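Coordinate analysis (summary)
Chain residues, written in single-letter form:
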Amino acid sequence: CDSSKPFCKQVAYLESTGTQYIDTDAYVTPNTVIFVEAQASQEQMNYTLLGADVELAHSIHVHFSSITGKVVIRMAEALGDSGISTQKFSAILDVKNRKASVNGRTLFSNLGTNSIVSNLSIALFCRNEYSVYRLCSKAKIYNYKMSDNGTAVRDFVAVIDKNGVAGVYDKVTKRMFYNAGS
């Protein structure tokens, strides 16, 4: 390992087994924009890739629907089916401009009047519901970025640390984030 780096090596993605999650320690505001590149596991649907729910009317999450077999995005009262199943995809959840897109295709825009603000941090691979992490997914995350009013809040890269443990390194806070599940 290079001792000048806080981690040993960068890897292409971080993969969850379905029981793990990472708490990003970052909260949704009216000016949040989230960018994620991910891939669902074919064997596990109706589970969450990322999210925080105080109540459904103010929630934000990306999940894999067992009904449609597709990636679904919820922001407040809006729900959009991406048409994407288990292939790699990129999604933008733009709270500031009240729209969501997957692979460049807008799923919805001009959301209703409900605010999408959370006192719960966004979780990766699970949904943070009142600090209980539920519906964890078996998936891969290739890239995750979050900004607030144009300023980077999180910029995660998947890494192996100096002890051989997988996690994500945040280029903004210069911190490692590790699995918080089982």
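Keep in mind it's a predicted model, so treat the numbers as computed, not measured. (Residues numbered from 1 in each chain as written. Predicted model: local features only at pLDDT ≥ 70, side-chain atom pairs only at ≥ 80, totals over all residues. Heavy atoms only, no water.)

**Structural notes on the overall build of the protein**
- Counting its secondary structure elements, the protein contains zero helices and 18 strands.
- Residues classed as buried in the protein amount to 48% of the 182 residues present.
- In the protein, 60% of the contacts between residues at least 6 apart in sequence involve partners at least 24 apart.
- As displayed, the protein offers around 8300 Å² of accessible surface, 47% of which is attributable to carbon and sulfur atoms. (Helix = DSSP H or I, 4+ residues; strand = E, 2+ residues; numbered from the N terminus. Buried < 20%, exposed > 50% of the residue type's maximum accessible area, 1.4 Å probe, protein only. Contact = heavy atoms within 4.5 Å. Areas by Shrake-Rupley, 256 points an atom, 1.4 Å probe, with all protein chains shown as cover.)

**With respect to the nonpolar core**
- Counting 34 residues, the largest nonpolar core has Ile73, Ile122 and Tyr144 as its most contacted members.
- Looking at which element gives the most residues to this core, the answer is strand E15 (residues 139-148), with four residues.
- When sequence neighbours within four positions are dropped, the list of residues in contact with Tyr144 reads Thr24, Ile34, Phe35, Val36, Leu50, Ile122, Leu124, Arg154, Asp155 and Phe156.
- Membership of the second largest hydrophobic core comes to five residues, among which are Phe7, Val157, Val159 and Met176. (Core = buried A, V, L, I, M, F, W, Y, C linked by side-chain atoms within 4.5 Å.)

**Some points on the confidence of the model for the protein**
- The pLDDT averaged across the protein works out to 79; a share of 74% of its residues lies at or above 70.
- Taken element by element, the predicted model of the protein shows its lowest mean pLDDT in strand E8 (residues 78-81) (61) and its highest in strand E16 (residues 151-160) (94). (pLDDT = per-residue confidence, 0-100.)

**Details of the packing of aromatic side chains**
- Applying the stated criterion across every chain yields a total of three aromatic pairs.
- The interplanar angle of 50° and the centroid separation of 5.0 Å between the aromatic rings of Phe156 and Phe177 together place this pair among those described as tilted. Of this pair, Phe156 sits in strand E16 while Phe177 sits in strand E18 (residues 175-177), and the two are 21 residues apart along the sequence. Across this residue pair, the class does not change: Phe156 and Phe177 are buried.
- Members of the aromatic cluster, each reached through a chain of ring pairs, are Tyr144, Phe156 and Phe177. (Phe/Tyr/Trp six-rings, centres within 6.5 Å; stacked < 30°, edge-to-face > 60°.)

**Thoughts on the pairing of strand E10 (residues 99-102)**
- Note: strand E9 (residues 89-94) against E10, four bridges, orientation antiparallel. Counterpart to Asp94 in the pairing with E10 is Lys99.
- In this antiparallel pair of consecutive strands, E9 and E10, the connection spans four residues, and Arg98 shows a positive phi of 55°.
- Of the pairings in the sheet, the one linking E10 to strand E11 (residues 105-108) comprises three bridges and is antiparallel in character. (Pairing = 2+ DSSP bridges.)

**Concerning the pattern of salt bridges**
- The full count for this structure, using the stated rule, is three salt bridges.
- The residue Asp170 makes a salt bridge to Arg154 at a minimum N-O spacing of 3.7 Å. Remark: Arg154 occurs in strand E16 and Asp170 occurs in strand E17 (residues 166-170); sequence separation between them is 16 residues. Exposure class is identical for Asp170 and Arg154. Each is buried.
- Among the salt bridges present, the one from Lys171 reaches Asp155, with a minimum N-O distance of 3.7 Å. Placement of the pair is Lys171 in the loop between E17 and E18 and Asp155 in strand E16, with a sequence separation of 16 residues.
- The class of Lys171 is partly exposed, set by a relative accessible area of 41%.
- Relative accessible area serves as the criterion here: at 16%, Asp155 is assigned to the buried category. (Salt bridge = Lys/Arg side-chain N within 4 Å of Asp/Glu carboxyl O.)

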